[in-house]
Amino acid sequence: MAFAVLSTLDMKLFGVRASLGWTALLTCFSGGNLAFGQGFQAREVAAEANANTRYVVEAVQISGESGLKLSRTLQAAFEQLVGSHFDPAQLSEVSRQMRRELHLKSVTPHLIRGSQPDMVCIDFEVQRRAVVFDVTLPKFLYHSKQGWSAEGTASTTVARYNRLTFGLVSDGGTLTERYAGSAVSYENTHVGTDRVHLAFEFDQLHQQWNRATLMALNRDPNDPQTYRDRRNFQPSITILLARPLILQAGGSFQQLQMQPAPGSTEPDRSANALFATLRYHRIFEGSNQTQQVAVDYNIRSAKRAFSSDYAYTRHLWGANYTLTRGNQTFQDDFTAGFLTGQSPFFERFVVGTNSLLRGWNRFEIDPLGGTRLVHNSVTYRYRLPVLTGQVFYDAGALWHGKGDSGIRHSLGVGVSRSIFTLAVAFPVREGRIDPVFMVGMNY
Amino acid sequence: MIALTRRWCLIAVVWAPLALGISAQALSVRVDNDYLRVNAPQLEFLTGKPLARLEDGNTVNYFGQLTVATGPERTVQSRSVVRFAFSYDIWTKRFKVTVMTPGSQLRPSAKNLTREAAQAWCLDQLKIDLARVPAEHPVYVRVEMRSEDPREADRIIGDGGINLSGIIAVFSRPVKDKQVHVAEEIGPVTLAELRKPHP
């Protein structure tokens, strides 16, 4: 089924569905303005009472506001509307869903005449709230070897384009060190145009080091030194170059309060870098399958010329391909990294995390992190009525310029429901089986 | 001053019967076989925000109530309550009305109606059995139409039909911004007067 999105500045128009078969969508949606309280029969009666149910919905559009980002669920709901007979209960449900998901002040659906006498169009007239307040939990995870990691943010949007965000984080599964602290950011999402965003972020993070990392550092004093606290000021600009292609560029000015050896003092250090990220994300929808392609490239470069005590260049490539057909999803994630020069720990690559070589202990692989990374993960998911089952296979290598740590493998299974996931991962190696359990949301 | 008084008298003499006539015509009661029914051509309830919602393709529900009451305190002797579902065909620009009786398979409806015809059809569905109209006392006949607030409907409509105490409470409540509530009353009249054939 073709699903065309014809976008204008303040209007999204969903094209005519090829097949105009009437499906009993009444069964899928709860009652709207006809609060009869008697379930399906009431909805059926309500639909029967509306004179417009004999018309087929030709198109759906949104008016009143621009720059609304529709979720996949909402797009699917719109897609359901187009080509079906008009159903007031379904319309009310979609309106409520829009209001809830997009944090809108109001959604008023208008039924308007279509291009032919038996066709109608639906116009959702939307109105944003003057001030939007949003609390999210982007990450919440328990890892049986690394403990808890969590991140929470609260954001408010003022005067439509100005978003202020405050976040708290404690993460023990991403870098060589556990970091905890807060972040404050301001983003203007309309700098002359919706295509340009400007942001300023300030992070204050405290570090905790694993014993394995500290012991490894004692063996090789040439490796980077540990730090207790890290402050980051990061201005950035995001430009939507073309619809699926986004460029983000900016500077990261970090002040590190070093962790001195007992009885000595250590001056603060700076790690000032410029960075740029190019993102390409596109969804291809076919009649019976959906494909998603996401490719990222990130470069961070610190020079002495930026008053930085570190000089390094870090490249990170990421590619993701997802194919969904019916209840089945196949996903492939590829990540590669390359780091040259003298960098602080937080720039180093780590595997044995929540997403890379799951099941392995990252301190066993390299407690200091690596400067070269190659990793690939293949996941297969099958959606059941209540849960989604998944199996995954990770393979990757982490090494330094001169050495080679070899390729490691891990296997895992898991179940998820909505945003919650429970997984168990096994590192593939000779000898003992040492599984790792992970449970959480949004990871 | 005298001229003014005369002028006012003249105006009063000329216009009063007409005004009274209009007032009298706002609600008329008739006996139709064994039922008491009303006509109220000037009772306009398809107006305001409910009408705007209808023109946007929505279904808008109304509660209609016809009561027969006695005494200065209007003690209700009998009552007829009907729930209507209105819709507006955006191509033909005509209304459709369906009687929504919970638990009943019978749903009388009419379509391709003008606004006036739809309102009249609705009022015609409100009827009270003459056996339940006090014959010995003069009565007040009152008709009310109120657009439905979905939250009100949840409390009124149940598996067993329309909840009487709920409907009484709803009709006595002040209307919200998006609602329409209109009412007309006539009386006191006796059943004997109503049975008399109109000239």
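See the structure shown above.
Residues numbered from 1 in each chain as written. Chains lettered and ligands numbered in written order. Predicted model: local features only at pLDDT ≥ 70, side-chain atom pairs only at ≥ 80, totals over all residues.

Caption draft 1: Inspection of helix α3 (residues 115-125) of chain B at higher detail. Residues and elements named next belong to chain B. Those residues of α3 that sit buried are Ala118, Gln119, Cys122 and Leu123. Seen along its axis, α3 keeps its buried residues to an arc of 135 degrees; they face one direction. For α3, the elements touching its buried residues are β2 (35-39), β3 (60-70), β4 (75-89), β5 (94-99), β6 (109-113) and β8 (139-147). (Buried ≥ 20, exposed ≤ 12 C-beta atoms within 10 Å, placed from the backbone. Helix = DSSP H or I, 4+ residues; strand = E, 2+ residues; numbered from the N terminus. Arc of directions from axis to C-beta. Contact = placed C-beta atoms within 7 Å.)

Caption draft 2: Quick peek at the sheet that holds β6 of chain B. All names here are of chain B. With respect to topology, six strands assemble into an open sheet ordered β6-β5-β4-β3-β8-β11, the strand pairing being antiparallel. Either end of the sheet is taken by a strand with one partner, and the two such strands are β6 and β11 (181-189). Here the average twist between neighbouring strands, direction ignored, is 20 degrees. Across 11 bridges, the pairing between β3 and β4 is antiparallel. Bridge pairing links Gln65 to Val81 in β4. The strands that α3 touches are β3, β4, β5, β6 and β8; relative to β5, the one it contacts most, it runs at about 15 degrees. Helix α5 (residues 164-172) rests against β3, β4 and β8 of the sheet, and its axis sits at about 95 degrees to β3. (Pairing = 2+ DSSP bridges. Axes fitted to C-alpha atoms, helices over the stretch in contact; angles between N-to-C directions.)

Caption draft 3: Quick peek at the environment of Val76 of chain B. Residues and elements named next belong to chain B. With respect to the helices and strands, Val76 occurs in strand β4. With 14 C-beta atoms counted inside 10 Å, the residue Val76 sits in the partly exposed group. With sequence-adjacent residues up to four places away left out, Val76 is seen in contact with Thr67 and Ala69.

Caption draft 4: Expanded view of the pairing of strand β20 (residues 420-428) of chain A. Residue and element names in this part refer to chain A. Across nine bridges, strand β19 (residues 408-417) lies against β20 in antiparallel orientation. Among the inter-strand pairings, Ser410 is bridged to a residue of β20, identified as Pro427. Taken together, the six bridges between β20 and strand β21 (residues 436-441) define a ladder with antiparallel strand orientation. Residue pairing for β21: Thr421 is matched across the bridge by Gly440.

Caption draft 5: Fine view of the pairing of β19 of chain A. As defined by bridge partners, strand β18 (residues 388-399) of chain A adjoins β19 of chain A across nine bridges and the pair is classed as antiparallel. Bridge pairing in β19 of chain A places Thr388 of chain A opposite Ser416 of chain A.

Caption draft 6: Expanded view of helix α2 (residues 48-55) of chain B. Residues and elements named next belong to chain B. Every buried residue of α2 is accounted for by Pro50, Arg53 and Leu54. Relative to the axis of α2, the buried residues are bounded by an arc of 100 degrees and lie together on one face. Lining the buried residues of α2 we find β3, β4 and β8.

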